[in-house]
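Single-letter residue listing:
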Amino acid sequence: MATHNRAGEIIVCPTGNGNEYLITIITHTKLSAPADRPELAINYGDSPIWDTIPRTNIQDDPDRDLRRSEYVTTHTYRGPGVYILSMDDQNRNGGVINVPNSIAQSFSVQTRLVISPVTGRNCSVRFLNSPIQDACLNQLWVHNPVAVDPDGDSLSYEPTVCLGLNSEPILGYSYPSPNYSIDPLNGTITWNAPGVAGEYNIAFIVREWERLSNGNVVEVGYVMRDMQINVMPCNNQPPVISQVVDTCVEVGTLLAFNVQASDPNNAQSVSLSALGLPFTLATSPASFVQPTPGNPVNGIFNWSTVCSHVRLQPYQVVFNAVDNGTPVSLQAYRTVNIRVVAPAPQDPSATPSGSSIELNWEPSICTNASGYLIYRRSGLYGFDPDHCETGVPSYTGYMQIASVNGVNNTSYVDNDGLVIGNQYCYMVVAVFADGAQSYASEEFCAILDRQVPVITKVSVGVTDVSTGVDTVQWSNAYDLDTVARPGPYRFDLYRGTGLNIANELIWSSGTHPFLAHPDTFLVVDQLNTQAQPYVYRVLLRGDGGTDEIGSSSPASSVFINAEPDDEQLTISWALNTPWVNSNYEVFRFDGAWVLIGNSSTESYTDTALVNGQEYCYHVVSTGAYSDATIAFPLLNWSQEVCGIPEDRTPPCPPTVDFQNDCELPLNTLTWNNTNESCATDTYQYRVYFADSVGGTFTLIAELVGADNTTFTHTNGSSVAGCYMVTAIDTIGNESVFNDVVCGDNCPLYTLPNIFTPNGDGNNDLFGPFPYRGVEAIDLLVFNRWGNVVFETLDPDIDWKGTYKETSEPLPDGTYYYLCTVTFVRLAGKEMVQLNGYVHILGSGVQNRVP
């Protein structure tokens, strides 16, 4: 009689009263079935006790033999945790094709609730589309549950097995066919196509994902839905909805677009509707102007967006076309994602103030913004974002330098590492509590006033260990207020080794009454420019040297290295300059210095060289400040460096094929000849072995010859373990360790139940049948009074039927043994206890009471 359950799910949502949750079970049952449930049993996931909850709502649909029931209650949880809510009701309706003996199968669904101090109290997804849908035999069937999440979490979809009694997977359940699938991103379920008429049940899980403040994404719960499909013979084809592209809309803008549907059966008409969270919003919901059924039909989607619609996740809208075919109305679905974006912050400005830049902008029109992100780069980029491009993408070269909290906190002072002589540009983005970002503001820029000197050259003139020469040049502080900071003026030049710190005073100019000091150039000698770079800064003093006005930013020489490899040298360089270098010219000495290439990065590889021959290089950098009033280009020479190419490139690692025969037992490894794929000078191979996963690899074999590509191995009688094979070239370079293959034992150890120690040479010893994968045993043999009569640690045992280690034979009878066997397994040692008995016959000794 209880043949009624067709579909259902459980949804939960916090009530706002601590850890109290509103819990709703929704079921869809056969209206014609005598069974009906005024209440249902539920387990809340926090104890083994089941509760019953009453039905609170009924909706009947006689045309579809369908009753939709809601059962609602509240439950308070003790605190944070993960809880699996389960509903279990007997039984399903009979005749479901892919549920064996469905009339005797319980109906069960589950929901996972996560209460966490990190993610808060989650409200689960709910579904806007019915879980009962018909299908046509041999025609494409499509369904979308239209899942919406009140919290704005990201959703993913996956198929799952229908559950039965005690929420266990139904034994023998099968998916409708191999051509059944669910889109993991939009939830559209496709079955192409039903081949047997009848009723089918499918289940799927919708998981909710939340992005934390640290950027990690965590699951915050899921809802399982079980639904039913009724497949019938019919002469119909499903309708088609035209493509609708995902889009973004700025707050305050009306989003409007047309949606068209048609049916290949020209005599039929199509109804077109739309479902999704935008239609259910409390403020300024979306609307869909549904057309009169026809073929084709055109509907109009409209949405006037407001600030409360802004969120990180896009809104999913599902368009549903239904034809009027009989006996089955086929359906089509089309999903579109709409992201609502806050407008860019307006009227930004950047104002130099001493060594800082003051930033200001107008508050976002969206008062629900939680603050702003501030980005900076040197020089203007010319950012023209796409209509769905929010925030500031990394490809622009902008870096986030700060954030401020509060929608009305609309100023920031940037004093972090600014360099005089460079133009600094900014963009500001409004950010929201869930991580959503507005469009970026327009770029706005400023240049610090030149109130200190600016270094323009640090160039190596001579490369030597003791008589090296650097040339240093700088530009004066032309924006200095000479009334407030009067002369006479002088420069102090400081030097340091390396790239960053210059604190050693090496030179002071004479004083000059005017700011346009003639001494802005110095040749520094007696340096070790071969082994190390030097860094410089210039300090400007006024009032005859007593007023320390300020220093330039430090600037270093270009220092290069040559890294040898097979028939090539890689020239790399390091430097620290307050200006931006856009190009590096690489010169090689071939009787004269010859330009061999350019690089925009800080390395260059010179190829087609001769191993063992010396080559020498220097690099010239080209750069500029973003302040156009400073002379450019800025050209600076590195020191000279020489190198000799040699083969340091190992062969690529072999690709290993592994055969694990645990019955033989034997492990066989074969691999490719690396000289036939990625090398030309492979000389030998090395085989490494570890006896377990996570164990230490040791070298067990070296095979000479590039074509020697097979190796067999056992570890005693064990074939459990992991292997790595590397290739070695003629120089000795070894390939990386990256292809691990593992095998395991299929251990076997069994004992007979009788032996005849009568000295006839047949079955005289008690021992195991042929065994494998055994490391050790611990065997105890007892007589019927419980006395130990024999013990051994030897896996072969070889017991002669005598008392312990003596030659005294034991009487015929039954003896009991306890044997602990240690097997060698890939995951480590495994201990198994064997209990049994063995008969001794033919010993010639009669039983006697001890």
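Residues numbered from 1 in each chain as written. Predicted model: local features only at pLDDT ≥ 70, side-chain atom pairs only at ≥ 80, totals over all residues. Heavy atoms only, no water.

A. Quick look at the state of the cysteines. For the structure on display, the rule yields nine disulfides. What pairs with Cys 662 in a disulfide is Cys 746, and their sulfur atoms sit 1.9 Å apart. Here Cys 662 and Cys 746 share a disulfide; its torsion about the S-S bond, 105 degrees, makes the bridge right-handed. Taken as a pair, Cys 662 in the loop between strand S49 (656-661) and strand S50 (666-671) and Cys 746 in the loop between strand S55 (740-743) and strand S56 (754-755) lie far apart in primary sequence, 84 residues in all. Residue Cys 662 is classed as buried on the basis of its relative accessible area, which comes to 18%. The closest cysteine sulfur to the non-disulfide-bonded Cys 819 is located on Cys 746, 19 Å from its own sulfur. (Disulfide = S-S within 2.5 Å. Helix = DSSP H or I, 4+ residues; strand = E, 2+ residues; numbered from the N terminus. Buried < 20%, exposed > 50% of the residue type's maximum accessible area, 1.4 Å probe, protein only.)

B. Looking closely at the sheet that holds strand S51 (residues 682-690). The four strands are arranged S52-S51-S54-S55 in an open sheet whose pairing can be described as antiparallel. This sheet does not close on itself; its edge strands, each paired only once, are strand S52 (698-704) and S55. Neighbouring strand axes in the sheet, compared pairwise and without regard to direction, differ in orientation by 25 degrees on average. Here S51 pairs with strand S54 (residues 721-729) via eight bridges, running antiparallel. Paired with Thr 682 across the bridge in S54 is Asp 729. (Pairing = 2+ DSSP bridges. Axes fitted to C-alpha atoms, helices over the stretch in contact; angles between N-to-C directions.)

C. Structural detail: the pairing of strand S1 (residues 5-14). Among the 10 residues of S1, eight are classified as buried, and the element is accordingly described as predominantly covered. Where S1 and strand S2 (residues 20-30) come together, nine bridges link them in antiparallel fashion. Paired with Asn 5 across the strands is Thr 29, a residue of S2.

D. Representation of the nonpolar core in the model. Core analysis: the biggest nonpolar cluster contains 78 residues, and Phe 301, Phe 319, Ile 357, Tyr 426 and Tyr 536 have the highest contact counts within it. One finds Phe 127, Cys 162, Leu 163 and Tyr 200 within the second-largest nonpolar core, a separate group that totals 29 residues. (Core = buried A, V, L, I, M, F, W, Y, C linked by side-chain atoms within 4.5 Å.)

E. The arrangement of the pattern of salt bridges in detail. Counted under the stated rule, the structure contains 28 salt bridges. A salt bridge links Lys 30 to Glu 199; its shortest N-O distance comes to 3.2 Å. Placement of the pair is Lys 30 in strand S2 and Glu 199 in strand S16 (residues 198-211), with a sequence separation of 169 residues. Residue classification places Lys 30 among the buried residues on the basis of a relative accessible area of 19%. Put simply, Asp 492 and Arg 541 hold a salt bridge, and the shortest N to O gap is 2.7 Å. Taken together, the positions of Asp 492 in strand S35 (residues 490-497) and Arg 541 in strand S38 (residues 534-542) put the pair 49 residues apart, joining distant regions of the chain. Summarising the burial analysis for this pair, Asp 492 and Arg 541 share the class buried. Each of Asp 36, Arg 55, Asp 60 and Arg 67 takes part in a single network of salt bridges with overlapping partners. (Salt bridge = Lys/Arg side-chain N within 4 Å of Asp/Glu carboxyl O.)

F. Summary view of the environment of Pro 488. Within the secondary structure, Pro 488 is located in the loop between strand S34 (468-475) and S35. With 58 residues separating them along the chain, Pro 488 and Thr 546 place their C-alpha atoms 9.6 Å apart. Non-local contacts of Pro 488, meaning those with residues more than four positions away in its chain, are made with Thr 511, His 512, Pro 513, Arg 541, Gly 542, Asp 543, Gly 544 and Gly 545. (Contact = heavy atoms within 4.5 Å.)

G. Inspection of the environment of Asn 787 at higher detail. For Asn 787, the location among the structural elements is in the loop between strand S57 (774-782) and strand S58 (788-792). Remark: the alpha-carbon pair of Asn 787 and Ile 53, spanning 734 residues in sequence, is separated by 62 Å.

H. Expanded view of the sheet that holds strand S32 (residues 444-447). One open sheet accounts for four strands, arranged S29-S28-S31-S32; its pairing is antiparallel. In the strand order of this sheet, the two ends are held by strand S29 (399-405) and S32, each with one partner. Neighbour to neighbour, the strand axes of the sheet diverge by 25 degrees on average, direction disregarded. Taken together, the eight bridges between strand S28 (residues 371-378) and strand S31 (residues 423-431) define a ladder with antiparallel strand orientation. Among the inter-strand pairings, Tyr 375 is bridged to a residue of S31, identified as Met 427.

I. Broad picture of unusual backbone geometry. Cis geometry is adopted by the peptide bond preceding Asn 91, which originates at Gln 90 and carries an omega value of 5 degrees. Looking at the element boundaries, Asn 91 is found in the loop between strand S6 (81-90) and strand S7 (106-116). Following Phe 632, the chain continues to Pro 633 via a peptide bond in cis, the omega torsion being 0 degrees. Relative to the helices and strands, Pro 633 is located in the loop between strand S46 (615-624) and strand S47 (634-637). The phi torsion at Asp 65 lies on the positive side, around 50 degrees, for a residue other than glycine. Mapped onto the fold, Asp 65 is located in the loop between strand S4 (51-61) and strand S5 (66-76). Unlike most non-glycine residues, Asn 763 shows phi in positive territory, near 55 degrees.

J. Focus on the packing of aromatic side chains. Under the criterion given, the structure shown has 32 aromatic pairs. Where Phe 288 meets Phe 319, the ring centres are 5.5 Å apart and the plane angle is 55 degrees; that geometry is what we call tilted. Here Phe 288, found in strand S22 (residues 287-289), pairs with Phe 319, found in strand S24 (residues 315-323); they are 31 residues apart in sequence, far enough to count as distant. Grouping residues by exposure puts Phe 288 and Phe 319 together as buried. Consider the rings of Tyr 426 and Phe 444, whose centres lie 5.9 Å apart with planes at 35 degrees: the pair is tilted. One end of the pair, Tyr 426, is in strand S31; the other, Phe 444, is in strand S32, with 18 residues separating them in the sequence. By the burial criterion, Tyr 426 is buried, and Phe 444 matches it. (Phe/Tyr/Trp six-rings, centres within 6.5 Å; stacked < 30°, edge-to-face > 60°.)

K. Quick look at the pairing of S28. Among the eight residues of S28, six are classified as buried, and the element is accordingly described as predominantly covered. As defined by bridge partners, S28 adjoins S29 across six bridges and the pair is classed as antiparallel. Bridge pairing in S29 places Gly 371 opposite Asn 405.

L. Structural context of the side chain of Gln 110. For Gln 110, the position within the fold is in strand S7. For Gln 110, the side chain forms a polar contact with the side chain of Ser 86, separated by 3.2 Å. Not counting chain neighbours up to four residues away, the residues in contact with Gln 110 comprise Ile 10, Ile 84, Leu 85, Ser 86, Leu 163, Ser 167, Tyr 222, Val 223 and Met 224. (Polar contact = N/O pair within 3.5 Å; in protein donor to acceptor, adjacent residues only side chain to side chain.)

M. Spatial organisation of the side chain of Glu 199. Look at Glu 199 and you get buried, because its relative accessible area is 12%. One polar contact links Glu 199 to Lys 30, side chain to side chain, over a distance of 3.2 Å. One polar contact links Glu 199 to Asn 93, side chain to side chain, over a distance of 2.7 Å. Look past the residues within four positions of Glu 199 in its chain and what remains in contact with it is Arg 6, Lys 30, Asn 93, Gly 94, Gly 95, Val 96, Ile 97, Asn 98, Gln 228, Ile 229 and Asn 230.

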